[in-house]
Amino acid sequence: MLAERNVDVPASEIRKIFNKIIGRTDVFDMTVGIPDFDTPEHIKEAAKKALDDGFTRYTHNAGYIDVREALAQKLKRDNNIEANPETELICTAGGMGALVLANMVIINPREEVIYPDPGFVSHYAHIKLAGGVPVPVQLKKEHRFGFLAEDIESKITSKTKMIVLNSPNNPTGGVISNMELKRIAELCIEKDLYVIADEAYEKFRYVEEDPLFIGSLPGMKERTVSIFSLSKTYAMTGWRIAVATGSSELIGAMTKLQEHIIAMPTSIAQKAAAAAAIGPQDCISEMLQTFRRRRDLITKGLNDIEGVELEPPGGAFYVFPDVSAYGIKSYDLVHKLLNETKVVTVHGTAFGKYGEGFLRLCYAVSTERINEALSRLDGYLPKLLH
Ligand SMILES: Cc1ncc(COP(=O)(O)O)c(C=O)c1O
């Protein structure tokens, strides 16, 4: 009896695995992408002060103007994006809030949206929610899971309306090179396409190249919604706060829609976001260093296991090893690993059909947990080959 869109929008496969192990203390959970750091103190203090100072009422639907001004400074400083805080910037309830709004204001029913596969599970769901047709483009291991303009181009039809980009990518850690990003921008201009740039892992990059943001390129602002979530960058996953930027037309439409959905993100989280944006940034470099060490540790450890293949990922805090040598569907392998080793991973197909043959492990966990998981995997996986 419920609406068809309930069938069209699948439940997250990651959550299904995660829910199986809730309350179990005997497992080594490498599933959900939650940084194991606490929100930095100065950000928490700003939230406490906001409460004490009475910032507890409805705000503008795009967020407090002083918060938007602070976030505009961050966009200029970190992302080379000029945004008028009055008209070109909106505070949303996490990156997720911005993704839903952006899909809703850009996509008409039956229009096609190109997105990366393997990719973040909700991208598919958001396209479906908007009535669009998701068109997956395979991220290939041989290209280190970068998104290539030529692969995108091969999927463009007269119905294509938008491309979703996510670099560094969840689940693969793949990074789009600057050269490729420029090619994608040219393609979007030539074919008159919109872009959602999901920059959730903007700060977690281990590649040499300086980051380039597609929303900063000439001719892209009017066709791009760039989404910068504070969830991972400042270890604020529970605060539900992000900033999205684009042309005043796009942001105006998103603001109007947000009014009817959640009105605005929590006033206190907004004030915390301003402190995060303009306060000290050393918390990010500390996290990055830690993640880099863990990335190196887990990459080496997994490659040392007979049958596993993995290139060091360029960003984010996930590894996406190739486990196809074991000849077992990745969904079944996840369950075998849970039962036999108590290491909890996610099957690659949770992120799209091209994820078959891979597993995702999140290394935003302690070194001890990584080491224990590695030793358990090493004790079990090679037996599957013999
Ligand atoms: C690629 C990507 N986009 C968006 C999100 C949503 O995060 P949030 O809504 O907390 O900003 C996530 C969370 O894991 C993600 O991995």
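Residue positions are counted from 1 within each chain, in the order its sequence is given. It should be noted that, the model being predicted, local features are given only for residues of pLDDT at least 70 and side-chain atom pairs only at 80 or more, the latter also being counted only at that level, while totals for whole chains, interfaces and linings use all residues.

(A) Broad picture of the overall build of the protein. Along the protein, the regular secondary structure elements total 14 helices and twelve strands. For the radius of gyration, the atom set is restricted to C-alpha positions; the globular benchmark scales as 2.2 Å times the number of residues to the power 0.38. What you see for the protein is a C-alpha radius of gyration of 21 Å, in line with the 21 Å of a compact globule of 386 residues. The dimensions of the protein, computed from C-alpha atoms along their principal axes, are 65 × 55 × 50 Å. In this scheme the burial state of a residue depends on its C-beta neighbours within 10 Å: 20 or more other such atoms mean buried, 12 or fewer mean exposed, and anything in between means partly exposed; the C-beta positions come from the backbone. Scored against the burial criterion, the 386 residues of the protein give a buried share of 48%. By definition, residue pairs are in contact when their C-beta atoms, positioned from the backbone, come within 7 Å. Considering only residue pairs separated by 6 or more positions, the protein has 74% of its internal contacts joining residues 24 or more positions apart. Secondary structure elements are defined from DSSP: runs of H or I of at least 4 residues count as helices, runs of E of at least 2 residues count as strands, and each element is numbered from the N terminus.

(B) The arrangement of the sheet that holds strand β6 (residues 194-198) in detail. Taken in spatial order, the seven strands of this open sheet run β2-β8-β7-β6-β5-β3-β4, and their pairing is mixed. In the strand order of this sheet, the two ends are held by β2 (89-92) and β4 (133-138), each with one partner. Taken pair by pair, the neighbouring strands of this sheet meet at an average axis angle of 20°, ignoring direction. Only strands joined by at least two bridges in the DSSP assignment are considered to pair. Alignment of β2 against strand β8 (residues 242-245), held across four bridges, turns out to be antiparallel. Looking across to β8, one finds that Leu 89 is bridged to Thr 245. Contacting β2, β7 (224-229) and β8, helix α4 (residues 65-79) runs over the sheet at an angle of about 105° to β2. In this description, a line fitted to the C-alpha atoms serves as the axis of each element, helices being fitted only across the stretch in contact, and the angle between N-to-C directions of two axes falls anywhere from 0 to 180 degrees.

(C) Looking closely at the domain arrangement of the protein. Assigned domains within the protein: domain 1 (5-38 + 283-385) and domain 2 (41-278). An automatic or database domain assignment supplies the residue ranges for each domain. Between the C-alpha centres of domain 1 and domain 2 the distance comes to 25 Å. Taken residue by residue, the interface counts 36 residues in domain 1 and 32 residues in domain 2. When contributions to the side of domain 1 that touches domain 2 are tallied by element, the ones reaching two or more residues are α1 (5-8), α2 (13-21), α12 (282-303) and β9 (318-319). With six residues, the single largest contributor to the side of domain 1 that touches domain 2 is α12.

(D) Spatial organisation of unusual backbone geometry. Between Ser 167 and the following residue, Pro 168, the backbone shows a cis peptide bond with an omega angle of -10°. Relative to the helices and strands, Pro 168 resides in the loop between β5 (160-165) and α8 (178-191). Cis geometry is found at the peptide bond from Asn 170 to Pro 171, where omega equals 20°. For Asp 192, which is not a glycine, the phi torsion comes out positive at approximately 55°. Positioned with a positive phi, Ala 235 is a non-glycine residue whose angle comes to about 50°. Note that Ala 235 resides in the loop between α9 (230-233) and β8. On the neighbour-count criterion, Ala 235 (22 C-beta atoms within 10 Å) is buried.

(E) Highlighting the site of the ligand. Within the structure, the ligand sits among 13 residues, and Gly 94, Gly 95, Met 96, Ser 229 and Ser 231 are positioned closest to it. Ranked by residues supplied to the shell around the ligand, first place goes to helix α5 (residues 94-106) with three residues. For the shell around the ligand, the per-class residue count stands at four nonpolar, eight polar and one charged. For each residue, a C-beta atom is positioned from the backbone; the residue is called near a molecule or strand if that atom sits within 6 Å of it. Basically, the charged four are Asp, Glu, Lys and Arg, the nonpolar ten are Ala, Val, Leu, Ile, Met, Phe, Trp, Tyr, Cys and Pro, and anything else, Gly included, counts as polar.

(F) Broad picture of the sheet that holds β9. Overall, antiparallel pairing links the three strands, which are arranged β9-β12-β11 in an open sheet. Each having just a single partner strand, β9 and β11 (346-347) make up the two edges of the open sheet.

(G) View of helix α10 (residues 248-261). Compared with an ideal rise of 1.5 Å per residue, which puts 14 residues at 20 Å, α10 spans 20 Å between its outermost C-alpha atoms and is within 8% of the ideal. For α10, every residue scored as buried is listed here: Leu 250, Ile 251, Met 254, Thr 255 and Gln 258. Down the axis of α10, the sector holding all buried residues measures 130°, keeping them to one side. Facing away from the buried side of α10 by more than 90 degrees, the exposed set consists of Glu 249 and His 260. Where α10 is buried, its residues touch β2, α5, β7 and β8. Positive backbone phi, approximately 70°, marks Ala 263, located one or two places after α10. The span expected for a helix works out to 1.5 Å for each residue beyond the first. The arc in question is the one spanned by the directions pointing from the helix axis to the C-beta atoms.

(H) Just the packing of α5 against helix α6 (residues 121-129), in detail. It is at 9 Å that the axes of α5 and α6 come closest, and there the two elements cross at 35°. The chirality of how α5 crosses α6 is right-handed. Contacts from Met 96, Leu 99, Val 100 and Asn 103 of α5 reach α6 at Ser 122, His 126, Ile 127 and Leu 129. Per-class residue counts for the contact of α5 with α6 are five nonpolar, three polar and no charged. Here a crossing is taken to be left-handed if its near helix is turned anticlockwise relative to the far helix by less than a right angle, and right-handed if that turn runs clockwise.

(I) Highlighting the packing of helix α3 (residues 41-52) against helix α11 (residues 267-278). Their axes nearest at 8 Å, the elements α3 and α11 cross at an angle of 140°. Our classification of the angle between α3 and α11 gives oblique. α3 and α11 meet at a crossing whose hand is right-handed. Of α11, the residues touching α3 (which contributes His 42, Ile 43, Ala 46, Ala 47, Ala 50 and Leu 51) are Ser 267, Ile 268, Lys 271, Ala 272, Ala 275 and Ala 276. Here the residues of the contact of α3 with α11 sort into nine nonpolar, two polar and one charged. By definition in this entry, angles of less than 35 degrees are roughly parallel, angles greater than 145 are roughly antiparallel, angles of 65 to 115 are roughly perpendicular, and the rest are oblique.

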